[in-house]
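The residues making up each chain are set out below.
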Amino acid sequence: MLRQVRTSAKAVVIQEGKLLAIKLNDGKEEWYILPGGGQESEETLPETVKREVREETGIHVACRDLLFVIEGVHGEDFHRMDLVFSCECFGAVSDAALHCDRNQVGIDWLDISQLNKLPLYPSKLRRAIMNFYEGKAYRKYLGNEEIGDPECLE
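Summarised in this report is the structure supplied together with it. (Residues numbered from 1 in each chain as written. Predicted model: local features only at pLDDT ≥ 70, side-chain atom pairs only at ≥ 80, totals over all residues. Heavy atoms only, no water.)

Attention shifts here to the overall build of the chain. For the chain, the count of helices and strands is 2 helices and 9 strands. Ordered by position in the sequence, the α and β elements of the chain form the string β-β-β-β-α-β-β-β-β-α-β. Expressed as a percentage of the 154 residues in the chain, the buried residues total 44%. Put simply, of all contacts in the chain between residues at least 6 apart along the chain, 68% involve residues at least 24 apart. Taken as a whole, the chain presents about 8400 Å² of accessible surface, with 50% of it coming from carbon and sulfur. (Helix = DSSP H or I, 4+ residues; strand = E, 2+ residues; numbered from the N terminus. Buried < 20%, exposed > 50% of the residue type's maximum accessible area, 1.4 Å probe, protein only. Contact = heavy atoms within 4.5 Å. Areas by Shrake-Rupley, 256 points an atom, 1.4 Å probe, with all protein chains shown as cover.)

As judged from the 9 bridges shared by strand β1 (residues 5-15) and strand β6 (residues 79-92), these two strands associate in the parallel manner. Paired with Thr7 across the two strands is Met81, which belongs to β6. Direction of pairing for β1 relative to strand β4 (residues 36-38): antiparallel, over a ladder of 3 bridges. When the bridges of β4 are listed, Ser8 appears paired with Gly38. Pairing of β1 with strand β2 (residues 18-25) involves 2 bridges; the strand directions are antiparallel. Across the sheet, residue Gln15 finds its bridge partner in β2, namely Lys18. (Pairing = 2+ DSSP bridges.)

Before going further, it helps to examine the packing of aromatic side chains. Going through the model one piece at a time under the given rule, you end up with 2 aromatic pairs. Between Phe68 and Tyr138 the ring centres are 5.3 Å apart and the planes differ by 65 degrees, which places this aromatic pair in the edge-to-face class. Residue Phe68 is located in strand β5 (residues 59-72), and its partner Tyr138 is located in the loop between α2 (124-133) and β9 (141-144); the two are separated by 70 residues in the primary sequence. Judged by relative accessible area, which is 0%, Phe68 ranks as buried. Relative to Tyr138, the ring of Phe132 has its centre 5.9 Å away and its plane inclined at 90 degrees; by these criteria the two rings are edge-to-face. (Phe/Tyr/Trp six-rings, centres within 6.5 Å; stacked < 30°, edge-to-face > 60°.)

What follows deals with the environment of Pro122. The residue Pro122 is located in the loop between β8 (120-121) and α2 in this model. Between the C-alpha atoms of Pro122 and Ile33, which are 89 residues apart in sequence, the distance is 7.4 Å. If near-sequence neighbours (up to four positions away) are discounted, Pro122 is found in contact with Ile70, Arg80, Asp82 and Glu145.

It is worth spelling out the state of the cysteines at this point. In this structure the tally under the stated criterion is 0 disulfides. Cys87 supplies the cysteine sulfur nearest to Cys89, a cysteine that is in no disulfide, at a spacing of 9.5 Å. (Disulfide = S-S within 2.5 Å.)

A few words now on the nonpolar core. Of all hydrophobic cores here, the largest spans 18 residues; its most connected members are Leu19, Leu34, Phe68 and Ile129. Of all elements in the fold, only β2, β5 and α2 reach the threshold of two or more residues within this core. The dominant element in this core, judged by the number of residues it contributes, is α2, at 4 residues. In this view, Leu19 contacts Val12, Val13, Ile14, Leu34, Asp108, Trp109, Leu110, Ile112, Leu115, Leu120 and Ile129; residues no more than four positions away in its chain are not counted. (Core = buried A, V, L, I, M, F, W, Y, C linked by side-chain atoms within 4.5 Å.)

A few words now on α2. Along α2, the residues that are buried comprise Leu125, Arg126, Ala128, Ile129, Met130 and Asn131. Residues of α2 that are buried in the fold lie against β1, β2, β5, β6, β8 and β9. Trailing α2 by a residue or two, Gly135 shows a phi angle of about 75 degrees, which is positive.

So, about the pattern of salt bridges. If you walk through the whole model with that rule in mind, you get 8 salt bridges. Residue Arg51 pairs with Glu40 through a salt bridge whose shortest N-O separation is 3.7 Å. Of this pair, Arg51 sits in helix α1 (residues 45-57) while Glu40 sits in the loop between β4 and α1, placing them 11 residues apart in sequence. The class of Glu40 is partly exposed, set by a relative accessible area of 45%. (Salt bridge = Lys/Arg side-chain N within 4 Å of Asp/Glu carboxyl O.)

See below:
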């Protein structure tokens, strides 16, 4: 089966020790993902990050450095390639027209010191974001994470 590769740009937005996250609920459980989404044709990755964060959260950001690359080779209808960027927050967009993701029930600011124990997915990002925030060494390429992989709780 030939599957398309979907490139998405995600944002790590940190303020006062907290990480901006999209809160999802499927009626059974709640979990979090980073704001961001699919890159459109003729759109640069920084443009994708800015647009997606604005659409999903109503927050204006500036895209800075590439932090992480993580893949989802199986488990979805496409091969997912997530490029995760650090972003600077400039506050709420006054006229934002929110376009929420499926199952999105809001946004939240997660305590980075507890990130490895929170349901943030892909879970390989948890410790990597903590290390980035703490100024510790971290890997940029986090590899593939599939549905059913063990949780990263270290």
